[in-house]
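Tertiary structure, described
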Amino acid sequence: MATIEAYRPGLEGVIAAETALSYLDVEHEEIVIRGYNLIELAQTRPYLDVAYLLWEGRLPDTAEAQAFGQSLRAEGGLPEGIFTLLQSLTKQTHPMDALRTGLSALAGFDAQLDDRSPAANREKGTRILAKMPHLVANSYHILQGESPILPRSDLSFSANFLYMITGREPSPLEAATFDQSLIAYIEHEMPNSTFTARVIASTQADIYGALTGAVASLKGNLHGGANEAVMLMLAQVKTADEFEQLIRSKLLRKERIMGFGHRVYMKKPDPRALLMKEALKRLVAEKGNEELLAMCERGEDVMREEKGLYPNLDYYAAPVYYLLGIPIPLYTPVFFAARTAGLVAHVMEQHANNRLFRPRVHYTGPRGLHP
């Protein structure tokens, strides 16, 4: 029998799986995706190329990229039954709960649901990724009492996603910025939601069940919900001075400041935050709102000086999404849509080389009791 190691709260530092998908090299400040630097990919490749890389292990050539995009466009529609289901939800439903419900229901429409082969998982992954922008955007519109915005065949994956959210065709800079943000969120080794998906997949559960569990995990504000919390905090004030005062008052009350710190990036900046900070600067140059950038930079300075903490991706993704016109309740669903490609890759990898997750516990209860 294997030796039970010492208890590590939160599985801190515990290696739970082997993967060829991604690695966080904190020492060298690099996020490795199939051997490539994530930031370099975000600066040079579109989102769908990185999704293809995760699934196939290599970047696509021009013909492969076009075929992949066409397959996603062909699978992008939602079954009518999903619209009926979404329309039955109460208006108080959080968009992440609507997303979780809709994703779970999609399983019943997939004829390959119980086929765990790599080819079938790849095809199911394509269908899920294709439908995710439609599901995210229009579950929200339906909850708001609005008509769905149907996808357009003449727009790229990311531009179409943003169009379905806002109802207007994005500018080239807006589309490029949104695409870059999706790459920033696409894959990040073994966060809670990915671990959840792999644990569920290890029982040989289907890919829809694994991703539905990941939605529930991502809803928490210590994981995906942090980007919403950042923007709600920024929205409380109007100037950099006021934002500094807000942060300092929260620190005095020992409140958590969302958007700072990370279980992996504890002493160095999150490279994705730096990527989104530059994206925010470009958006501000085109669209205005210099004060929003000043507020974010002031908050960054205060937290570094007072706590030695650096911003994570959510801190700068939030104002980027705000300037793109994305409603705050959709920030976390957009995060999940972006992460779908990575989650699908992890489920495929788990099914292909599976071992059931079954950890042990450190028991702290009584012994020797008798009825």
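Data block above holds the structure.
This structure is a prediction, so every number in the text was calculated from the model and none was measured.

1. Notes on the sheet that holds strand β3 (residues 36–37)
The strands making up a sheet are joined through hydrogen bonds of the backbone, oriented either antiparallel or parallel. Strand order in the open sheet formed by three strands is β1-β2-β3, with antiparallel pairing between adjacent strands. The open sheet has two edge strands, β1 (22–25) and β3, and neither has a second partner. Pairing between strand β2 (residues 30–33) and β3: two bridges, direction antiparallel. Each residue of the ladder has a partner; that of Val 32, found in β3, is Asn 37.

2. Quick look at the packing of aromatic side chains
Evaluated as defined, the whole model comprises ten aromatic pairs. When the ring of Tyr 52 is compared with that of Phe 68, the centres are 5.7 Å apart and the planes differ by 70°; the resulting orientation is edge-to-face. One end of the pair, Tyr 52, is in helix α2 (residues 47–56); the other, Phe 68, is in helix α3 (residues 62–74), and 16 residues separate them in sequence. Of the two residues, Tyr 52 and Phe 68, both sit in the buried class. Clustering of aromatic rings is evident, with ring pairs tying together Phe 161, Phe 178, Tyr 321 and Tyr 331. The aromatic ring of Tyr 163 is capped on one face by Arg 152, whose charged end is 5.1 Å from the ring centroid.

3. Digging into the packing of helix α4 (residues 80–87) against helix α6 (residues 118–143)
Between α4 and α6, whose axes approach to 9 Å, the crossing angle comes to 40°. Classed by the angle they form, the pair α4 and α6 counts as oblique. Seen from above, α4 lies across α6 with right-handed handedness. The segment α4 lies against α6, with Ile 82, Phe 83, Leu 86 and Gln 87 engaging His 134, Leu 135, Asn 138, Ser 139 and Ile 142. Of the residues in the contact of α4 with α6, the class split is five nonpolar, four polar and no charged.

4. Quick word on the environment of Arg 58
With respect to the helices and strands, the residue Arg 58 is situated in the loop between α2 and α3. Its relative accessible area of 38% is what places Arg 58 among the partly exposed residues. Sequence spacing of Arg 58 and Gly 342 is 284 residues, and the spatial spacing of their C-alpha atoms is 14 Å. Discounting chain neighbours no more than four positions away, the residues touching Arg 58 are Tyr 52, Leu 53 and Glu 64. At 3.4 Å, the side chain of Arg 58 forms a polar contact with the side chain of Tyr 52.

Reading the values: the criteria
Residues numbered from 1 in each chain as written. Predicted model: local features only at pLDDT ≥ 70, side-chain atom pairs only at ≥ 80, totals over all residues. Heavy atoms only, no water. Pairing = 2+ DSSP bridges. Helix = DSSP H or I, 4+ residues; strand = E, 2+ residues; numbered from the N terminus. Phe/Tyr/Trp six-rings, centres within 6.5 Å; stacked < 30°, edge-to-face > 60°. Buried < 20%, exposed > 50% of the residue type's maximum accessible area, 1.4 Å probe, protein only. Lys NZ or Arg CZ within 6 Å of the ring centre and 35° of its normal. Axes fitted to C-alpha atoms, helices over the stretch in contact; angles between N-to-C directions. Parallel < 35°, antiparallel > 145°, perpendicular 65-115°, else oblique. Left-handed = near helix turned anticlockwise from the far one by under 90°. Contact = heavy atoms within 4.5 Å. Nonpolar A, V, L, I, M, F, W, Y, C, P; charged D, E, K, R; others polar. Polar contact = N/O pair within 3.5 Å; in protein donor to acceptor, adjacent residues only side chain to side chain.

Distances and angles like these do not, on their own, reveal function.
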